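# Descriptive analysis of the structure
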Amino acid sequence: MNFIPIFIDMTPWARGPHTGVGLTAHHSFTAIQKQLANPTVHQTTFKLQGVSRVRHPNSYPSISLLRRWLGWSNSIYHSFELKLLPVKKSHKVLTVHDLWSLYPNPFQSPSFQKTQGHKLRKSILKADHIAVPSESVREQLNTHFPALKTPISVVPWGPSVPNQNAIAESVELKNYLSQQRPFILCVATLEKRKNYEGLLESFKPELAQQVDLVTVGQLGFGGEEIHSTLQSMRRKYLKGIDLRTASPADLQALYHQCKGLVLVSQDEGFGIPVLEALSFGKPIIASNIGSLKEIAGDRAKYISPSHGAEELSVALKNLLNTPWNENDVQTSKNRAAQFSWENTARKTLEIYQSLIETN
């Protein structure tokens, strides 16, 4: 039987399985795999081949195997990385998570931005179809590349963990949760783009007496400075814990027990933690940026990350003092139900199908 081979570059998952980009690559791969198991979902017979430059997870082939397939015509090569491999005879699909490396910003080092920006710009111009997670990113892409003729599809993502009340696996987290202390949760890489500076400034001693702050995130650009500030506050008055990584069970336990989520980033392509907090029916404080508003709609309190910590501090106090009933919980869950990896896979396969049909 003839089939169309699909090669998905899993490099982000191999490099950073706990990052938003890495999780997206992994969950998209898994969801597409499930969709392809149902032949009624799509018209063309596709065959999925996982691609990873590092053997992680072990079940996916190495990138070196891709070289055997470079000569296959009419195949699909889908990259979740910033760059596309030179697969000349394949239809090239690029998932663009965000565009902040394309313009000068204080969120990354100049040398890193120059390198990453060059890769992304080059890949955008080479792609046959571009997938973005939100209308916000599509608008930014059209602004940066007004002459771009490449089709752009909005392919929203899903949550990295389902709404389940799991038992934490981390000993540190298990011990902390056993104290039953009220806490606000922040799931975000420790980096400048996530606006930890404003978040930490908002946690003044009087607020810290009412609620703890729990953070989950690896170190990113500027993370050492953020971590130093955070640890200084921990020693003085701010209670809670800081986790570099969290297993799915850890995240489920955190979402289940937290008072709410705060994500006040300066820039986000999507915002998986906001979607996850919605799926658990939790109150949310988020930046008033387009991508987060697309996810949460009226189910979040929005603040401007540029208005200083005072606005955020007030929002946090209001979150603690405002009743949150079962109707609020269910309404948030209903909002979250609009997003799923099944929909992500379905929309992605529609992109593949369109490329084959227009060949």
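Everything that follows concerns the structure shown earlier in this document.
Cut-offs used in this document
- Residues numbered from 1 in each chain as written.
- Predicted model: local features only at pLDDT ≥ 70, side-chain atom pairs only at ≥ 80, totals over all residues.
- Heavy atoms only, no water.
- Phe/Tyr/Trp six-rings, centres within 6.5 Å; stacked < 30°, edge-to-face > 60°.
- Helix = DSSP H or I, 4+ residues; strand = E, 2+ residues; numbered from the N terminus.
- Lys NZ or Arg CZ within 6 Å of the ring centre and 35° of its normal.
- Pairing = 2+ DSSP bridges.
- Axes fitted to C-alpha atoms, helices over the stretch in contact; angles between N-to-C directions.
- Contact = heavy atoms within 4.5 Å.

### With respect to the packing of aromatic side chains
Scanning the model with the defined rule gives 5 aromatic pairs in all. For the pair Phe270 and Phe339, a centre-to-centre distance of 6.1 Å together with 70° between the ring planes defines the contact as edge-to-face. With Phe270 in the loop between strand 10 (260-263) and helix 10 (272-279) and Phe339 in the loop between helix 13 (326-336) and helix 14 (341-357), this pair connects stretches of sequence that are 69 residues apart. Each member of the aromatic cluster is reached from another via a ring pair, and the members are Trp157, Phe270 and Phe339. Seen from the ring of Tyr302, Lys293 lies directly overhead, with NZ or CZ sitting 5.8 Å from the centre.

### Comments concerning the sheet that holds strand 5 (residues 129-132)
Ordered by their spatial adjacency, 6 strands build an open sheet running 2-1-3-4-5-6, and the pairing between neighbours is parallel. If you trace the sheet from one side to the other, it starts and ends with strand 2 (46-51) and strand 6 (152-154), each paired once. Taking each pair of neighbouring strands and ignoring which way they run, the sheet shows an average axis angle of 20°. Relative to strand 2, strand 1 (residues 4-9) is paired through 6 bridges, and the arrangement is parallel. Bridged to Pro5 within strand 2 is Lys47. Docked against the sheet, helix 2 (residues 20-36) engages strand 1 and strand 2, running at close to 160° with respect to strand 2. Along the sheet, helix 4 (residues 135-144) contacts strand 5 and strand 6; its crossing angle with strand 6, the most-contacted strand, is approximately 160°.

These values are about where atoms sit, not about what they do.
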